[in-house]
Amino acid sequence: MKTNKLLIILIIFLIKISFIHAEKIDLSGKWQVALDSTDVGINQSWFNKTFEQTISLPGTLCDAGLGKPCLLKPAMEKDIFLNLKRKYDYVGVAWYKKEVEIPTKWKNKSIYLELERVIWNSQLWIDGKKVDQSNESLIAPHSFDLSKYMSPGKHTISLRIDNRKQHDISIRDMAHAYTNETQTMWNGVLGEITLQAFDNVHLTDLRIDPDPDQEKIYVTIRLKRPEEKAPEGNIRFEVKDAAGKKLPAIELPVKGNEISFDYAIKNPILWDEFTPYLYQASVQLKIGNKEVEKKTETFGIRKLSTDNGQLQINHRRIFLRGTLECCIFPLKGYPPTAVEAWEKVFKSAREYGLNHLRFHSWCPPEAAFEVADRMGFYLQVELPLWVLNVGNDKGTTNFLCEEAQRMISEYGNHPSFCFWSLGNELEGDYALLDSLLVSLEKQDPRHLYMTTTFTFQKGHGAWPEPHDDLWVSQWTKKGWIRGQGIFDDKPASFNLDYRNAIDSLPVPIITHEIGQYSVFPNLKEIDKYTGNLIPLNFMSVKNDLQNKGRLNQADDYLKASGKLAVILYKEEIERALKTPGFSGFQLLDLHDFPGQGTALVGLLDAFWESKGLIDPATFRSFCSPVVPLIRFPKATYTTNEIFKANVEVANFSAGILKNANLNWQLLNADGKEMLNGNLPQQDIPVGNAQNLGDFTIDLSTIKEAGKYTISLSITQPQCVNTWDIWVYPANLNETMGNIVYTQDFEEANKALKMGKNVLLNPKKENLNGLDGKFVQVFWSPVHFPNQPGTMGILCDPKHPALEQFPTEMHSNWQWWDICKSGKTMNLDTLSNEIQPIVRMVDNFYKNRNLGLIIEVKSEKGKLLICSADLNSNLKTRPVARQLRYSLLHYMNSVNFNPQQTISFDLIEKRLHKTKQTEEKKKSIYDN
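All values reported here derive from a predicted model rather than from experimental measurement.

S.K.: Is there a simple way to think about the overall build of the protein in this case?
M.R.: Scanning the protein for helices and strands turns up 14 helices and 53 strands. Taking 2.2 N^0.38 as the reference for a compact globule, 927 residues should give roughly 30 Å; the C-alpha atoms of the protein span a radius of gyration of 32 Å, in line with that estimate. Taking the principal axes of its C-alpha atoms as reference, the protein extends roughly 110 × 70 × 45 Å. Burial analysis of the protein (927 residues in total) assigns 61% to the buried set. Partitioning the intrachain contacts of the protein with sequence separation of at least 6 by distance along the chain shows that 73% fall at a separation of at least 24. Total accessible area on the protein stands at roughly 35,300 Å², and carbon and sulfur atoms take up 47% of it. Taken together, the 108 basic and 111 acidic charged side chains of the protein have centroids lying 2 Å from each other.

Pasting the structure below:
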């Protein structure tokens, strides 16, 4: 692909076609149903008798309580945590039967049955006679032409639906079009179930490709006409603007099966996230002097393009602030087809500042596009594909090509359908993928295309494919472009971005699935599951905590792990916003992913509802069209340093910000202003990574250790963003007092036996425990078990041991050095009753009692153990120095009075690495 390739993607679109003269019979309601688990098939007698069971359609077998009931119970077992469990499970053939009466006026009409959404294969019998058509789609309506099977009078419809896997489209059935990880492998019919009657000459397709630069749209109308000579007619085409004003109508004769023409729209109002402007078109078909059909639809006009490796809409840069939608609907276990349900999804996304959704390995129903059109969302839609063997099966390849055609026909007109990927993390025959991509680009240039949404395949995935219009990845051949590969390896630095990693990229780059920071379950969420799915995973965690006597801490685990996730997501987003040339990010996820081992990576729950971790307004402070930003080198300082920040604004609004005022403040922990300043008034163009000025703060005026907040605000529009920093005294007068500080277990033992107070700070290499980690569990501790599995610290900031160490109850950037410098102690090996001064939240699959700092009485003395390094290089480690100071201050006070007693012999056996190894060897020898 050439640099500066400009794709004019001119769009419009069918939001919902209204058939004014098409007649309908609504078949929703009561149907007879029979399960055919052995696929024996129905015989003639079945057509003539009543099935014993009934079901309400639209709906599923699970809705009706049919299938194999779930007999699983809560347990801390992998199978329980893989995904939510449906109350009734059925994969196989099911038959649905209903009587219908065709009215006399439908005589000699063309009659169609439409089922809006089905998994996976559907076949039909009318009055016991098989219809010589079948449907096989996961993402488009199933339709049957019944013109030669139905005449006026009563008929029996017998529908066979087979939801067994028809093609190999995914790894372990994880592609979200067909999976039990998010939606379920349901059997039934969703959405509209209708019979429609048309005159023999009728409209079948309407496509409009607008050219806003030329102020016109190109219209293609297709008709169905009988093979014999059909009477000639004409069509009348007109457009109304959003205010209802009619534009000039045109009339054209109908002679064949297709009519194409240009239609002028002067000074069109273009569609985007800020002005999701929708026109209304109407097509009226006349045969002779008789009006036989009229369609109305809404449409929008937009122009997508790329310029110098950057994404544009209507000749203006856009930045995608996105998240994934993986068909997560935990009440029913299947996607809604009503606009009201999708309004909740998109309104929640908009409340949190997003303008983009990626539909991971599936395509949503019509209602989702309707709402996205109206609200101005940019959608990435994908073929139902997530495999490592693309091209291995010809039948699957043919199916995917047919699904692509159905996507064009059903959804291609929507202005919100902006980006099209052939699938998720694909591996296999890239020549085949390239061929399909080129074919789709040529056939329907209304979207931007990519070969795959990232890949791990060797030789691919580190640079765009030759015909990609844009590219979604987590790294390039020049480096990482997301925090999961960086944040745990180096101390926080807020002046970094990914410019080096994307240097010379020829197409726009969107970051792949950033985040994936696991959050402890919200056990109050259990009560929300009143539908088809059972949260056995949540229930198991609740039972496990209750058995361990720690259920009362569950809310704190949620808050502590969730607040850390917020902090990490903020830095992820801001690094993307700071990177010149970046075109967006895709979170995984703003809301929870309930499958693949219970991946609770969202700041919202699976219902798109708050967990209480961050409010929408605060999230929008760093995720919105206009975001104030500063660059600064680190999170922790001493009082002999100068804080310096470079100021930027990521402006991806509708235009230049004129005469903008930028003001900064330094606030203390109580929110009180300590210092302030402003930058010169200036215009801020659309774009990012432009230095607008800088400011400095002399930290010598600060006398006590504390957390301080830098606030940067911009007027017109009013936006405020904040960052926390920690300032510590450059010099501390540490008082050891009566405390024995040691890194040696034996020395600690001797001192305790003498009745002394001991601060034991074992060397990392001598300590038995979990590897130190700042960033919490990636994705899921069940799906990826080989990781330390911790989820951030939890403490009481008011504990006297932390009096001189400013902190919140959760991890923040100042804890990075503490967490990474040592190990985490597993206190279950000592006593389940120990309440750490500083706890490390364990992952929900193990729920161990983990700690960084504990206190006990032992032998004749009192003991405090800290498993983080409080000894090495303290001159360059102000956080460790301050924590040590605070602990010693506490131990020298009357407040130091541990309540629990544990023998030091047990402590040494459990925590001393060498001693534990010796004990294991002795046990083996004794046996």
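Let us keep going from here.
S.K.: Any chance you could explain the packing of aromatic side chains here in plain terms?
M.R.: The way to describe two aromatic rings as a pair is by their centre distance and the angle between their planes. One pass over the full model with this rule turns up 50 aromatic pairs. Between Tyr 352 and Phe 619, the aromatic rings sit 5.6 Å apart at their centres with planes inclined by 70 degrees, giving edge-to-face as the arrangement. Taken together, the residues Tyr 352 in the loop between helix H3 (339–351) and strand E28 (356–359) and Phe 619 in helix H9 (residues 616–620) connect sequence positions 267 residues apart. Here Tyr 352 falls in the buried class, since its relative accessible area comes to 4%. On the basis of relative accessibility, which here comes to 0%, the residue Phe 619 falls in the buried class. Judged by centre distance (5.4 Å) and plane angle (55 degrees), the ring pair of Phe 632 and Phe 643 falls under tilted. Here the residue Phe 632 occupies a position in the loop between strand E38 (626–631) and strand E39 (636–638), and Phe 643 occupies one in strand E40 (residues 642–651), the gap between them amounting to eleven residues. You can call Phe 632 buried: its relative accessible area is 1%. Relative accessible area serves as the criterion here: at 0%, Phe 643 is assigned to the buried category. Through a chain of ring-to-ring contacts, the aromatic side chains of Phe 487, Phe 494, Phe 632, Tyr 637, Phe 643, Trp 664, Phe 695, Phe 774 and Trp 813 assemble into a single cluster. Directly above the aromatic system of Phe 51 lies the positively charged group of Lys 97, at a separation of 4.3 Å from the ring centroid.

S.K.: Explanation requested: the nonpolar core in the structure shown.
M.R.: Proteins that are soluble and globular tend to have nonpolar side chains buried together. Trp 342, Phe 346, Phe 619, Ile 630 and Phe 643 are the most contacted members of the largest nonpolar core, which has 170 residues in total. For Phe 643, the contacting residues outside a window of four places in its chain are Ile 630, Phe 632, Tyr 637, Phe 695, Thr 696, Ile 697, Leu 699, Ile 710 and Ile 725. Listed in part, the 32 residues of the second largest apolar core include Trp 31, Ile 55, Ile 157 and Ile 161.

S.K.: I'm lost on the packing of H3 against helix H4 (residues 366–375) in this one. Help?
M.R.: A pair of packed helices can be characterised by two numbers: the angle between their axes and the separation between those axes. Interhelical geometry of H3 versus H4 gives an angle of 45 degrees and a closest axis separation of 9 Å. The angle between the axes of H3 and H4 places the two elements in the oblique class. The way H3 lies across H4 gives a crossing that is right-handed. Across from Val 339, Trp 342, Glu 343, Phe 346, Lys 347 and Arg 350 in H3, the residues of H4 making contact are Ala 367, Ala 368, Glu 370, Val 371, Ala 372, Arg 374 and Met 375. Residues belonging to the contact of H3 with H4 are distributed by class as follows: eight nonpolar, no polar and five charged.

S.K.: Is there a simple way to explain the pattern of salt bridges in this structure?
M.R.: A complete count under the given rule lists 50 salt bridges for this structure. Across the pair Glu 258 and Arg 222 runs a salt bridge, and its minimum N-O distance is 3.1 Å. Separated by 36 residues along the polypeptide, Glu 258 in strand E21 (residues 258–264) and Arg 222 in strand E18 (residues 216–224) bring together distant segments of the chain. The exposure class of Glu 258 is partly exposed, given its relative accessible area of 46%. Look at Arg 222 and you get partly exposed, because its relative accessible area is 31%. Linking Arg 236 and Glu 238 is a salt bridge whose minimum nitrogen-to-oxygen distance equals 3.6 Å. A single salt-bridge network, built from bridges that share partners, covers Asp 39, Arg 160, Asp 162 and Arg 164.

S.K.: What exactly am I supposed to notice about helix H10 (residues 745–753) here?
M.R.: Residues separated by three or four positions in an α-helix point in the same direction, a consequence of the helix having 3.6 residues per turn. When we look at burial in H10, the residues that qualify are Phe 745, Ala 748, Asn 749, Ala 751 and Leu 752. All buried residues of H10 lie within an arc of 165 degrees about the axis, which places them on one face of the element. Packed against the buried residues of H10 are strand E46 (739–742), strand E47 (757–760), strand E52 (850–858), strand E53 (861–866) and helix H13 (904–911). Near the N-terminus of H10, the side chain that reaches the backbone nitrogen of Glu 746, with its oxygen 3.1 Å away, is that of Asp 744. Once H10 ends, the next one or two residues include Gly 755, with phi positive near 85 degrees.

S.K.: Just checking my understanding: could you explain the environment of His 155 for this structure?
M.R.: One can find His 155 in strand E15 (residues 153–162). Here His 155 falls in the buried class, since its relative accessible area comes to 7%. Spatially, the C-alpha atom of His 155 lies 54 Å from that of Asn 543, the residues being 388 residues apart in sequence. If near-sequence neighbours (up to four positions away) are discounted, His 155 is found in contact with Lys 98, Glu 99, Val 100, Ile 102, Ile 126, Asp 127, Tyr 149 and Met 150. At 2.6 Å, the side chain of His 155 forms a polar contact with the backbone oxygen of Ser 151.

S.K.: Which parts of the structure should I look at to understand the sheet that holds E40?
M.R.: The strands making up a sheet are joined through hydrogen bonds of the backbone, oriented either antiparallel or parallel. Pairing is antiparallel across the open sheet formed by three strands, whose spatial order is E38-E40-E43. The open sheet is flanked by E38 and strand E43 (693–698), the only strands paired with a single partner. Sheet twist, expressed as the mean angle between neighbouring strand axes with direction ignored, is 30 degrees. Judged from the six bridges that link them, E40 and E43 form a sheet pairing that is antiparallel. Within E43, the residue paired with Asn 646 across the bridge is Asp 694. In this fold helix H8 (residues 554–578) packs onto E38 and E40, with an angle of close to 90 degrees to the strand it touches most, E38.

S.K.: What is the right way to look at the environment of Tyr 378 in this model?
M.R.: If you trace the backbone, Tyr 378 turns up in strand E29 (residues 378–382). Judged by relative accessible area, Tyr 378 falls into the buried class, the value being 0%. Each C-alpha atom of the pair Tyr 378 and Phe 632 lies 32 Å from the other, and the pair is 254 residues apart in sequence. Discounting residues that sit within four places of it in the chain, Tyr 378 has contacts with Trp 271, Asp 272, Glu 273, Ile 313, Ile 318, Leu 320, Asn 355, His 356, Leu 357, Ser 416, Cys 418 and Phe 419.

S.K.: Before we go on, may I ask you to explain the sheet that holds strand E31 (residues 448–450) in this structure?
M.R.: Pairing in this open sheet of eight strands is parallel, and the strands run E31-E30-E29-E28-E27-E37-E35-E32 from one edge to the other. The open sheet has two free edges, formed respectively by E31 and strand E32 (471–473), since each of these has just one partner strand. For this sheet, the mean inter-axis angle between neighbouring strands, taken without regard to orientation, is 25 degrees. Summarising the sheet, strand E35 (residues 509–515) and strand E37 (residues 582–588) pair through four bridges and their orientation is parallel. Looking across to E37, one finds that Thr 511 is bridged to Phe 585. Along the sheet face, H3 touches strand E27 (320–325), E28 and E29 and points at about 125 degrees away from the line of E28.

What counts and how
- Residues numbered from 1 in each chain as written.
- Predicted model: local features only at pLDDT ≥ 70, side-chain atom pairs only at ≥ 80, totals over all residues.
- Heavy atoms only, no water.
- Helix = DSSP H or I, 4+ residues; strand = E, 2+ residues; numbered from the N terminus.
- Rg over C-alpha atoms; globule rule 2.2 N^0.38 Å.
- Buried < 20%, exposed > 50% of the residue type's maximum accessible area, 1.4 Å probe, protein only.
- Contact = heavy atoms within 4.5 Å.
- Areas by Shrake-Rupley, 256 points an atom, 1.4 Å probe, with all protein chains shown as cover.
- Lys, Arg positive; Asp, Glu negative; His and termini not counted.
- Charge placed at Lys NZ, Arg CZ, Asp CG, Glu CD.
- Phe/Tyr/Trp six-rings, centres within 6.5 Å; stacked < 30°, edge-to-face > 60°.
- Lys NZ or Arg CZ within 6 Å of the ring centre and 35° of its normal.
- Core = buried A, V, L, I, M, F, W, Y, C linked by side-chain atoms within 4.5 Å.
- Axes fitted to C-alpha atoms, helices over the stretch in contact; angles between N-to-C directions.
- Parallel < 35°, antiparallel > 145°, perpendicular 65-115°, else oblique.
- Left-handed = near helix turned anticlockwise from the far one by under 90°.
- Nonpolar A, V, L, I, M, F, W, Y, C, P; charged D, E, K, R; others polar.
- Salt bridge = Lys/Arg side-chain N within 4 Å of Asp/Glu carboxyl O.
- Arc of directions from axis to C-beta.
- Polar contact = N/O pair within 3.5 Å; in protein donor to acceptor, adjacent residues only side chain to side chain.
- Pairing = 2+ DSSP bridges.

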